[in-house]
Amino acid sequence: MKLLVVGSGGREHAIAKKLLESPQVEQVFVAPGNDGMTLDGLDLVDIGISEHSALIAFAQANNIAWTFIGPDDALAAGIVDDFNQAGLKAFGPTQLAAELEWSKDFAKKIMGKYGVPTAAYGTFSDFEEAKAYIEKQGAPIVVKADGLALGKGVVVAETVDQALNAAREMLLDNKFGDSGARVVVEEFLEGEEFSLFAFVNGNQFDIMPPAQDHKRAFDGDKGPNTGGMGAYAPVPHLPQSAVNTAVETIIKPVLAAMLAEGRPYLGVLYAGLILTADGPKVIEFNSRFGDPETQVILPRLTSDFAQNITDILEGKTPDITWADTGVTLGVVLASEGYPLNYKKGVELPAKTDGDIITYYAGAKLAENSNRLLSNGGRVYMLVTTADTVEAAQDSIYGQLAKQETAGLFYRTDIGGKALGR
Ligand code: AMP
Ligand code: GLY
């Protein structure tokens, strides 16, 4: 069969590469993808993620069995609804189901109504009301733009002044446009953060190995929030009992809630969780795979990924299996200056193969040559699987020491929390 993946980042590279490993899959197209993906035999299609009709026409003309949707903005724009209306199968939630991600206020209301543990909060579109709430609650406190803001619309404020500034920027200065026209102000949750993903159809689901992202730009969780600078899975110091509790108190009730609300969920559900003293609590839901977590989770999948997704789309129970030993860890290389301004066009080191996978995000071939150049904030990611976190770190950081990475930067402490650092 032939498949289409929509998106262009490292997440989509990992999804498409895994699909192509299936013996039933002859070709995987990625729209729009990035040039680095072609080194793994993936075929790029020059159509943007918001061009639904062109994507649908491509899928029809090329006999695509089904389409896997990567990014949140495509899901929020209703790409799955449009594919379904055209009689095509697409893996991902409908626009109504994806509201769990595209409106934090909606997610909070669902959690409140169905008793899913999350931080206490208030939602505001009026600055004075937000101000009164922030002053009453005190700091630390978290201010979030209601809508999608590419992971950058969240301010964890250590002082009341910082929180007021954030609310002012979002509500009065329009820093995030419409996404910040409403803000959610919530209680600061203290504890270990982890990401739990599930493949879902209705109330049937399969949990993936838990992962931990590193959202801050620099070592020691310093610097601005980014899309994610590295990840590992599973999380060795996370007790299985915490995962089991999260399944019972969070995943099951939210899927039942979506059914009860007439918004049955199909796709990947991503729960961003903090393991507090009172058990796991939700900081956010996403309606898709995470990036960079996907790049460390999918290499651990030992079943036929294409068959698994086909089964889920057909309402069957998929036979999903995972590697049960070792840990998979990956480090992101980003352009100097990311997540703010950065330059493009830095020449990238050769792709690694074998034990270390290179997944590309912002990468582009130089004109009339096979030199790969940086072309985005996050550029590429090295991922490996080893017996322990230390062994995986040694392997990745050993490889990076041999690579020419001028113009790029990376964190040197990915996986550190697993080692108590
Ligand atoms: P988000 O975009 O919602 O994932 O938030 C970005 C980051 O802010 C998260 O990964 C957390 O590290 C942090 N964060 C968000 N909400 C909270 C909260 N209620 N308490 C503590 N940290 C939070
Ligand atoms: N890893 C964070 C995200 O995908 O939103």
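Reading guide: rules and limits
Residues numbered from 1 in each chain as written. Chains lettered and ligands numbered in written order. Predicted model: local features only at pLDDT ≥ 70, side-chain atom pairs only at ≥ 80, totals over all residues. Heavy atoms only, no water. UniProt positions renumbered as here; feature names shortened; annotations may be inferred. Near = heavy atom within 4 Å. Polar contact = N/O pair within 3.5 Å; in protein donor to acceptor, adjacent residues only side chain to side chain. Areas by Shrake-Rupley, 256 points an atom, 1.4 Å probe, with all protein chains shown as cover. Nonpolar A, V, L, I, M, F, W, Y, C, P; charged D, E, K, R; others polar. Pairing = 2+ DSSP bridges. Helix = DSSP H or I, 4+ residues; strand = E, 2+ residues; numbered from the N terminus. Axes fitted to C-alpha atoms, helices over the stretch in contact; angles between N-to-C directions. Contact = heavy atoms within 4.5 Å. Phe/Tyr/Trp six-rings, centres within 6.5 Å; stacked < 30°, edge-to-face > 60°. Buried < 20%, exposed > 50% of the residue type's maximum accessible area, 1.4 Å probe, protein only.

- Per an unreviewed UniProt entry, the protein chain goes by Phosphoribosylamine--glycine ligase and derives from Streptococcus pantholopis.
- One UniProt comment on the protein chain, placed under Catalytic activity (unreviewed entry), says "5-phospho-beta-D-ribosylamine + glycine + ATP = N(1)-(5-phospho-beta-D-ribosyl)glycinamide + ADP + phosphate + H(+)".

Remarks on the site of ligand 2
Phase 1 of the analysis: In the vicinity of ligand 2, the residues found are Asp 213, Lys 215, Gly 227, Tyr 270, Asn 286, Arg 288, Gly 290, Asp 291, Pro 292 and Glu 293.
Phase 2 of the analysis: Between ligand 2 and the protein, one listed contact pairs a nitrogen atom with a side-chain N or O atom of Asp 213 at 2.8 Å.
Phase 3 of the analysis: The side chain of Arg 288 places a nitrogen or oxygen atom 2.9 Å from an oxygen atom of ligand 2.
Phase 4 of the analysis: Out of a free accessible area of 200 Å², ligand 2 has 87% covered by protein chains.
Phase 5 of the analysis: Taken together, the residues of the shell around ligand 2 sort by class into 2 nonpolar, 3 polar and 5 charged.

Comments concerning the sheet that holds strand β10 (residues 192-201)
Strand pairing in a sheet is mediated by backbone hydrogen bonds. Such pairs are either parallel or antiparallel.
Phase 1 of the analysis: Pairing is antiparallel in the open sheet, where 4 strands are placed in the order β11-β10-β16-β17. If you trace the sheet from one side to the other, it starts and ends with β11 (204-207) and β17 (279-286), each paired once. Taking the axes of each pair of neighbouring strands and ignoring which way they run, one obtains an average angle of 35° across the sheet.
Phase 2 of the analysis: The pairing of strand β16 (residues 266-276) with β17 spans 7 bridges and is classified as antiparallel. Bridge pairing links Ala 271 to Phe 285 in β17.
Phase 3 of the analysis: Of the strands in this sheet, β10, β11, β16 and β17 are in contact with helix α9 (residues 240-260), which crosses β17 at around 45°.

Re the packing of aromatic side chains
Aromatic ring pairs: the centre-centre distance and the angle between the two ring planes describe each pair.
Phase 1 of the analysis: Under the counting rule described, the total for this entry stands at 13 aromatic pairs.
Phase 2 of the analysis: Their ring planes at 45° and their centres at 5.1 Å tell us that Phe 68 and Phe 91 sit as a pair that is tilted. Highlighted residues: Phe 68 in strand β4 (residues 64-69) and Phe 91 in strand β5 (residues 90-91), separated in sequence by 23 residues. Take Phe 68 and Phe 91: they sit in the same class, and that class is buried.
Phase 3 of the analysis: Where Phe 124 meets Tyr 133, the ring centres are 5.1 Å apart and the plane angle is 50°; that geometry is what we call tilted.
Phase 4 of the analysis: Among the residues examined, Phe 124 registers a relative accessible area of 9% and is labelled buried.
Phase 5 of the analysis: One aromatic cluster is present, formed by Phe 68, Phe 91, Phe 197, Phe 199, Tyr 270, Phe 289 and Phe 305 through successive ring pairs.

Points about the sheet that holds strand β7 (residues 141-145)
Phase 1 of the analysis: The strand order across the open sheet built from 4 strands is β6-β9-β7-β8, with neighbouring strands paired in antiparallel fashion. Of all the strands in the sheet, just β6 (121-124) and β8 (154-157) have a single pairing partner and so form its edges. Sheet twist, expressed as the average angle between the axes of neighbouring strands with direction ignored, equals 15°.
Phase 2 of the analysis: With 4 bridges connecting them, β7 and β8 associate as antiparallel partners. Counterpart to Val 142 in the pairing with β8 is Val 156.
Phase 3 of the analysis: Of the strands in this sheet, β6, β7 and β9 (183-187) touch helix α7 (residues 127-137), which is tilted by about 160° from β6.
Phase 4 of the analysis: On the sheet, helix α8 (residues 160-171) packs against β6, β7, β8 and β9 and is oriented at approximately 10° with respect to β7.

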